[in-house]
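# Results of the structural survey
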Amino acid sequence: MRYEKLSNQFYGANLLYGKIDLKPTHTWSFYYVVENTTDKEFIEKEALKTVLLVNEHSREFHFYGKQSQQWENSFDLADITIRPNATHQEIALTMVYSDLEKFIDMLQEEISARYFVPHDTYLIYDDENIYKQILSKLKY
């Protein structure tokens, strides 16, 4: 499985085994459930790869899980490395959630929003149980 299409513009992907295909004419938001992945080299590589792929309109990264702070730090560092002269408006927006309900609320808001430009939301996870819990609360 590369990714799971959950609705028209909402996708799920396993962090370790999935692969997402970003549509070049769309914008994107990323929601990460990072409960178990602690390998610093893997995290830094994933952050760098993802930040390189996105454009200036798709620079939102949301993190939930035990490892969320480490992931947020790596994404911030990747963004600074790639765009050292970025203005305040151009920097990536990274957010950590300690409360699963708040993470789900933000994700629900995101997938319910209407965008002028086609917008895709990705829920990327390393914990199957939390992923299923989120989908259940979102009624998927």
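This report concerns the structure included in the present document. (Residues numbered from 1 in each chain as written. Predicted model: local features only at pLDDT ≥ 70, side-chain atom pairs only at ≥ 80, totals over all residues. Heavy atoms only, no water.)

### Description of the packing of aromatic side chains
What counts, and what does not: Under the pairing criterion, centres of Phe, Tyr and Trp rings, with the six-membered ring standing for Trp, must be within 6.5 Å; the plane angle then separates stacked pairs below 30 degrees from edge-to-face pairs above 60, leaving the rest tilted. Partly exposed describes any residue whose relative accessible area lies between the buried limit of under 20% and the exposed limit of over 50%, with all areas from a 1.4 Å probe on protein chains only and scaled to the type maximum.
Scanning the entire structure with this criterion turns up 16 aromatic pairs. Seen in terms of ring centroids, Tyr-3 and Tyr-11 are 5.3 Å apart; in terms of plane orientation they differ by 85°. Their pairing is edge-to-face. For Tyr-3, a relative accessible area of 31% puts it in the partly exposed group. What links up through ring pairs into an aromatic cluster is the set Tyr-3, Tyr-11, Phe-30, Tyr-32, Phe-42, Phe-61, Phe-63, Trp-71, Phe-75 and Tyr-122.

### Focus on the side chain of Arg-59
Our working rule: Secondary structure elements are defined from DSSP: runs of H or I of at least 4 residues count as helices, runs of E of at least 2 residues count as strands, and each element is numbered from the N terminus. In what follows, a contact means two residues having at least one pair of non-hydrogen atoms within 4.5 Å.
Relative to the assigned elements, Arg-59 resides in the loop between α1 (40-53) and β4 (60-64). Overall, Arg-59 belongs to the buried group, its relative accessible area being 5%. With sequence-adjacent residues up to four places away left out, Arg-59 is seen in contact with Val-51, Val-54, Asp-79, Arg-83, Glu-90, Ile-91, Ala-92 and Leu-93.

### Observations regarding the pairing of strand β3 (residues 27-33)
Note the threshold: Two strands qualify as a pair provided that DSSP identifies no fewer than 2 bridges between them.
A large share of β3 lies buried, amounting to 7 of its 7 residues. Neither face of β3 is open: one carries Thr-27, Ser-29, Tyr-31 and Val-33, the other Trp-28, Phe-30 and Tyr-32, and all of them are buried. As judged from the 7 bridges shared by β3 and strand β6 (residues 119-125), these two strands associate in the parallel manner. Note that in β6 the partner of Val-33 across the bridge is Tyr-125. Two elements, β3 and β4, share 5 bridges in a ladder whose sense is parallel.

### Concerning the pattern of salt bridges
Two side chains of opposite charge can pair, provided their charged atoms sit close to one another. Note the threshold: By definition, a salt bridge exists where a carboxyl oxygen of Asp or Glu is found within 4 Å of a side-chain nitrogen of Lys or Arg.
On inspection of all chains with the given rule, the structure shows 9 salt bridges. The partner of Lys-49 in a salt bridge is Glu-46, with the nearest N and O atoms 3.3 Å apart. Of this pair, Lys-49 and Glu-46 both sit in helix α1, 3 residues apart, which is roughly one turn of the helix. Taking the relative accessible area as the measure of exposure, Lys-49 reaches 46% and is therefore partly exposed. Judged by relative accessible area, which is 13%, Glu-46 ranks as buried. Overlapping salt bridges bring together Arg-2, Lys-19 and Asp-21 as one network.

### Structural notes on the packing of α1 against helix α2 (residues 68-82)
Let me state the cut-off plainly: Fitting a line to C-alpha atoms yields each axis, with helices limited to the stretch in contact; the angle taken between N-to-C directions then spans 0 to 180 degrees. In these notes the angle categories are as follows: under 35 degrees is roughly parallel, over 145 is roughly antiparallel, 65 to 115 is roughly perpendicular, and the rest is oblique. Crossings are sorted by hand: turned counterclockwise from the far helix by less than a right angle, the near helix makes the crossing left-handed, and turned clockwise it makes it right-handed. Here the nonpolar group is Ala, Val, Leu, Ile, Met, Phe, Trp, Tyr, Cys and Pro; Asp, Glu, Lys and Arg are the charged ones; every other residue, Gly included, is treated as polar.
Taken N-terminus to C-terminus, the directions of α1 and α2 make an angle of 50°; their axes are 8 Å apart at the nearest point. Comparing the axis directions of α1 and α2 gives the class oblique. Relative to α2, α1 is oriented so that their crossing is right-handed. The segment α1 lies against α2, with Lys-40, Phe-42, Ile-43, Glu-44, Glu-46, Ala-47, Leu-48, Thr-50, Val-51 and Leu-52 engaging Gln-70, Trp-71, Ser-74, Phe-75, Ala-78, Asp-79 and Ile-82. In the contact of α1 with α2, the residues fall into 10 nonpolar, 3 polar and 4 charged.

### Section: the pairing of β4
For clarity, the cut-off: With the strands pointing away from the viewer, any crossover whose connection runs clockwise from the first strand over the helix to the second is right-handed.
Buried residues dominate β4, accounting for 4 of its 5 residues. With 5 bridges connecting them, β4 and strand β5 (residues 93-97) associate as parallel partners. Along β5, the bridge assignment pairs Phe-63 with Val-96. Crossover handedness for the path β4 to α2 to β5: right-handed.

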